[in-house]
Structure formats: structure tokens, C-alpha cells
Amino acid sequence: MLWIKSFHIIFMVAWFAGLFYLPRLFVYHAMAEDRVSIERFKIMERKLFFGIMTPCMLITLALGTWLWLGYGFSGGWLHAKLALVVVLIAQHFYLGKLMVDFKHDRNKHGHVFYRWLNEIPTLPVLVAIIVLVVVKPF
Ligand code: HEM
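This report concerns the structure included in the present document. (Residues numbered from 1 in each chain as written. Predicted model: local features only at pLDDT ≥ 70, side-chain atom pairs only at ≥ 80, totals over all residues. Heavy atoms only, no water.)

### Concerning the packing of helix α2 (residues 35–70) against helix α3 (residues 76–103)
Where α2 contacts α3, the axes come no closer than 11 Å and their chain directions differ by 165°. As the angle between them shows, α2 and α3 are arranged roughly antiparallel. Two packed elements cross with a definite hand, and for α2 against α3 that hand is left-handed. Counting all contacts with α2, which are made through Lys 42, Glu 45, Arg 46, Phe 49, Phe 50, Met 53, Thr 54, Met 57, Leu 61 and Trp 68, the residues of α3 involved are Leu 78, Leu 82, Val 85, Ile 89, His 92, Phe 93, Leu 95, Gly 96, Met 99, Phe 102 and Lys 103. Of the residues assigned to the contact of α2 with α3, the class counts are 14 nonpolar, three polar and four charged. (Axes fitted to C-alpha atoms, helices over the stretch in contact; angles between N-to-C directions. Helix = DSSP H or I, 4+ residues; strand = E, 2+ residues; numbered from the N terminus. Parallel < 35°, antiparallel > 145°, perpendicular 65-115°, else oblique. Left-handed = near helix turned anticlockwise from the far one by under 90°. Contact = heavy atoms within 4.5 Å. Nonpolar A, V, L, I, M, F, W, Y, C, P; charged D, E, K, R; others polar.)

Below you can see the structure in the form of C-alpha cells.
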């Protein structure tokens with residue numbers, strides 16, 4: 001079980017790296033004016049979303065489900081954690097939708113919006129999930 005939990009945490013960290021970095025790329029993409037930079041950001045965003053974030057999300061969820069169902073974990077902490085994981089998955093696909101908007105040059109938001117998006121949804125959810133799974137307060 002400890003090997004499964006180790007890789008659960010490793011892929012979770014990689015997924016979070018993308019959840020924090022992709023909005024940061026959107027900040028600079030929204031500020032870019034020259035075509036060369038704009039096309040470069042499109043490539044970076046696509047590789048990050050499909051090459052790192054999505055596979056790491058799927059592996060984190062698969063290993064978490066293995067821990068949950070394979071080792072009989074239960075409790076209010078796990079239900080609350082799963083509810084927050086749904087928020088993270090929604091954030092992941094919202095970032096994917098924004099990436100497609102940028103790909104087709106139809107982004108509607110300015111860089112300030114993405115600076116907020118960079119921190120606000122992800123950080124509180126990360127803190128809450130870690131406290132729930134380590135402290136198990138209920
Ligand atoms: C379908 C989604 C997930 C399920 C079913 C799940 C389930 C679990 C289970 C059953 C454990 C073992 C708890 C223990 O050993 O006490 C665990 C450990 C852990 N999970 Fe998840 N998890 C999921 C997603 C996530 C996500 C998105 C994060 C990101 C913050 C995360 C972070 C952790 C951490 C840090 C541990 C290690 C806790 C410890 O060793 O005390 N999990 N997970």
C-alpha cells in the first residue's frame with residue numbers, strides 16, 4: 001500500500017504543478033502582442049495540459065481510488081476530500097476550455113483575471129485536502 005500511496009502523492013504533486021503553472025502561462029499569453037510569442041504559448045499550454053496535467057490527474061485519481069477501495073479506507077474526511085477532488089477536476093477542465101479559447105484566439109479575459117485564477121481556486125483546495133487526509137479531523 002505504501003508504494004501506491006507514494007505514487008499517488010508523486011502524481012498529485014505533478015498535477016498540481018500544472019494546475020498552478022497553466023494559469024500563469026495564460027497571464028503572459030493574455031499580455032502577448034507578437035505572433036511568435038502567441039504561437040509559442042499555444043504550444044506550451046497544449047503540451048502542459050495533454051502531456052503532463054491530464055495523465056497525472058488520471059493516475060492520481062486511479063491510485064487514490066485503489067487506496068480507497070483496495071484498502072477499505074472510509075470516513076467523513078474521505079467524503080469531504082472527494083467533494084474537493086470534484087472541484088479540482090472541474091478546475092482542470094475549465095483550464096482546458098480556456099486553453100482552447102486561447103488556441104482559437106478568442107480569449108475574453110485580461111491578465112488580471114488569470115492572476116486571480118492562478119491562486120484562488122487551487123491553493124485553498126490543496127490546503128483543505130492535505131489537512132483532511134493527514135489530520136482526518138472527522
Ligand atoms: C479520487 C480521488 C482520490 C481518492 C479516492 C484518494 C484516496 C486516498 C486514500 C484512501 C489515501 C490513504 C489515506 C491514508 O493512508 O491515511 C490517500 C492518501 C493521500 N492522498 Fe488521496 N485520494 C484522491 C485524490 C487526492 C488528491 C487530488 C490529492 C491532492 C491533494 C490527494 C492527496 C493525498 C495525500 C497527500 C495522501 C497521503 C496522506 C498520508 O499519508 O497521510 N489525494 N488518498
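### Observations regarding the coordination of the iron atom of the ligand
At 1.8 to 2.1 Å from the iron atom of the ligand lie its protein donor atoms, namely His 8 (NE2) and Lys 81 (NZ). Of note is the iron atom of the ligand, whose six donor atoms meet at the metal with angles of 83 to 179° in an arrangement that counts as octahedral. Taken as a pair, His 8 in helix α1 (residues 2–31) and Lys 81 in helix α3 lie far apart in primary sequence, 73 residues in all. Lys 81 matches His 8 in its accessibility class, with the two residues each being buried. (Donors = N, O, S within 2.8 Å, 3.2 Å for Na, K, Ca; no water. Tetrahedral: all angles 85-135°; square planar, octahedral: opposite > 155°, others 65-115°. Buried < 20%, exposed > 50% of the residue type's maximum accessible area, 1.4 Å probe, protein only.)

### As for the nonpolar core
Counting 26 residues, the largest nonpolar core has Leu 22, Phe 26, Met 53 and Leu 95 as its most contacted members. At the level of secondary structure, the elements contributing two or more residues to this core comprise α1, α2, α3, α4 (111–119) and α5 (122–135). Per element, the largest residue contribution to this core is eight residues, and it comes from α1. Those residues within four positions of Leu 22 in sequence are excluded, and the remaining contacts are Glu 45, Leu 48, Phe 49, Met 53 and Leu 95. (Core = buried A, V, L, I, M, F, W, Y, C linked by side-chain atoms within 4.5 Å.)

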